[in-house]
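Residue-level listing of the chains:
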Amino acid sequence: QGVSLENVIFNEKSYPTVLELKSTRRSEDFRCPVCGGHVHIHDAFKSRLKTIFIPEKPAVIKFSGHRFRCCECGETFTEKTPFKYPKTRITTFAARWIVSLLGKGLSVSAVQKLTGIHWNTIQRIQENVMVKALSERRQVLREKHYKPTFLAVDEFAIYKGHRYATCVMDLETGELIWVGKGRSKKDFVKFFEETDSSFLSEVKAVAMDMNAAYNVLVEKYLPQAKIVYDRYHMQAQYGRDVLGVVRLEEARKHQDSSKALKNSSNEMSDKEEKKDIKEKAQAEQRAYSKLKNARWTLLMNADKLETARKISLEAILSEHKNLAVCYAMKEEMSRLFELRDEKAAEEGWKRWFEAAKASGIQALEKFARLKEKRLPGLIAHAAYPINTGKLEGFNNKIKVAKRIGYGYRNERYFFTLIRYLSLPSVRNASPKFS
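Residues numbered from 1 in each chain as written. Predicted model: local features only at pLDDT ≥ 70, side-chain atom pairs only at ≥ 80, totals over all residues. Heavy atoms only, no water.

A. Main features of helix 12 (residues 362–371). Within helix 12 the residues assigned to the buried category are Ala-363, Leu-364, Phe-367, Ala-368 and Lys-371. Taken around the axis of helix 12, the buried residues stretch over an arc of 130°, which confines them to a single face. Of the residues in helix 12, the exposed ones pointing more than 90 degrees away from the buried face are Gln-362 and Lys-366. For helix 12, the secondary structure elements touched by its buried residues are helix 6 (231–266), helix 10 (321–337), helix 11 (342–357) and helix 13 (375–383). (Buried < 20%, exposed > 50% of the residue type's maximum accessible area, 1.4 Å probe, protein only. Helix = DSSP H or I, 4+ residues; strand = E, 2+ residues; numbered from the N terminus. Arc of directions from axis to C-beta. Contact = heavy atoms within 4.5 Å.)

B. Region of the structure containing unusual backbone geometry. Phi at Lys-87 is positive, roughly 60°, even though this residue is not glycine. Of note, Lys-87 is situated in the loop between strand 5 (76–78) and helix 1 (92–103). The exposure class assigned to Lys-87 is exposed, which follows from its relative accessible area of 76%.

C. Up close: the sheet that holds strand 7 (residues 163–170). Spatially, the five strands line up as an open sheet ordered 8-7-6-9-10, and their pairing is mixed. With one partner strand each, in any of the chains shown, strand 8 (175–181) and strand 10 (226–229) form the two edges of the open sheet. Within this sheet the neighbouring strands show an average axis-to-axis angle of 25°, counted without direction. (Pairing = 2+ DSSP bridges. Axes fitted to C-alpha atoms, helices over the stretch in contact; angles between N-to-C directions.)

D. Spotlight on the packing of aromatic side chains. The tally for this structure, following the rule as stated, stands at 21 aromatic pairs. An angle of 75° between the planes, with centres 5.3 Å apart, marks the rings of Phe-188 and Phe-192 as edge-to-face. Taken together, the residues Phe-188 and Phe-192, both in helix 4 (residues 185–194) and four residues apart, mark about one turn of the helix. Owing to a relative accessible area of 10%, Phe-192 belongs among the buried residues under this scheme. The rings of Trp-178, Phe-188, Phe-191, Phe-192, Tyr-214 and Tyr-221 are connected pair by pair, giving a single aromatic cluster. For Arg-295, the ring lying beneath its charged end belongs to Trp-296, and the centroid distance is 4.6 Å. (Phe/Tyr/Trp six-rings, centres within 6.5 Å; stacked < 30°, edge-to-face > 60°. Lys NZ or Arg CZ within 6 Å of the ring centre and 35° of its normal.)

E. Highlighting the pattern of salt bridges. Within this structure, the stated rule accounts for 12 salt bridges. Ionic pairing is found between Glu-127 and Arg-412, a salt bridge with its closest N-O pair at 2.7 Å. Taken together, the residues Glu-127 in helix 3 (residues 119–143) and Arg-412 in helix 15 (residues 411–421) connect sequence positions 285 residues apart. Between Arg-335 and Glu-332 there is a salt bridge whose closest N-O contact spans 2.8 Å. Taken together, the positions of Arg-335 and Glu-332, both in helix 10 and three residues apart, correspond to about one turn of that helix. (Salt bridge = Lys/Arg side-chain N within 4 Å of Asp/Glu carboxyl O.)

Spelled out as structure tokens, the structure:
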């Protein structure tokens, strides 16, 4: 490599080991990078690089090199250190060692403590490896002429305080094809600006929840694709905004009745009558507690309930008309999501919304008015029964990555890490940075 070893400072008290190296390359070995003319040695420089001399023993290299000047155009330049890892102050050998440690599953902070190399340098090395892997994956897909047909869009929290990022997943491969900061329209439009339109030309359907405004941009940039609203978001919202609200309203009626009966019993003088009123108050309190504890009984599918819970459910529904109506509507909603005929789904959803608006139950009516606007996306589920479940599951891996790194200040690095973790070679095995 045109380098000579001048000196080694190595003993138990001297830490770390120091290797003094000097460049032996001559001016005849170089040409001007501008005009290609002959050069001469103009000056010298010294650099300090961290490396690994003995396995797992940090060391320092002090390298002396040359600066050259062109004899014709006067351009000056510095010779490159042959064993330096680009844009760092470590050697390529140390970088390979760091890559091997990261490949064994160690975190950046753990590698930093083990090597003494700055965590920012370790992150840069890891990011280079991840970018290379993502680039190679894109090349493989390009050679196969692969184009996604089903996508899922969702947001996840990157910091506390309602700060989000949006990600787009290819549901067939399970890979994230884009991650960007924010969740508004102006943030999500970057996905279409940064992604080749020909790559998205065969997309048939896009799954998303109903809270975001992604549907407007999908309709604009992917007119051939159907928007499919996620069934689990729909059912979860129904369970919270309808079943949960009505259940608490009914429970509150029992609690108010219990309090009223207790107050009236205190004003009575007849012991027998007072005893009867107290028993009724206790019965109302038991009914209140029963409803408060019936949340999961009402949310679970009827065929998955145990015998004891089924009996309890039947008793609750028989005593509370509004709750029985909402529960029946929940079961009908589940049935509609199982349909695979678009015409039958359209008729079924229209009847569902009409019945909900005519129910006289305020929470159910409000829910129906809001969700009826999304009718085409609900009908599309019959033709394309896709959902954001796979993407929601990957969000757990994102949370683990954040927890391991105690959060990330460099968003570009964090988004690259997320995309890297979604690659099939990494997802199906332990992460290997090689």
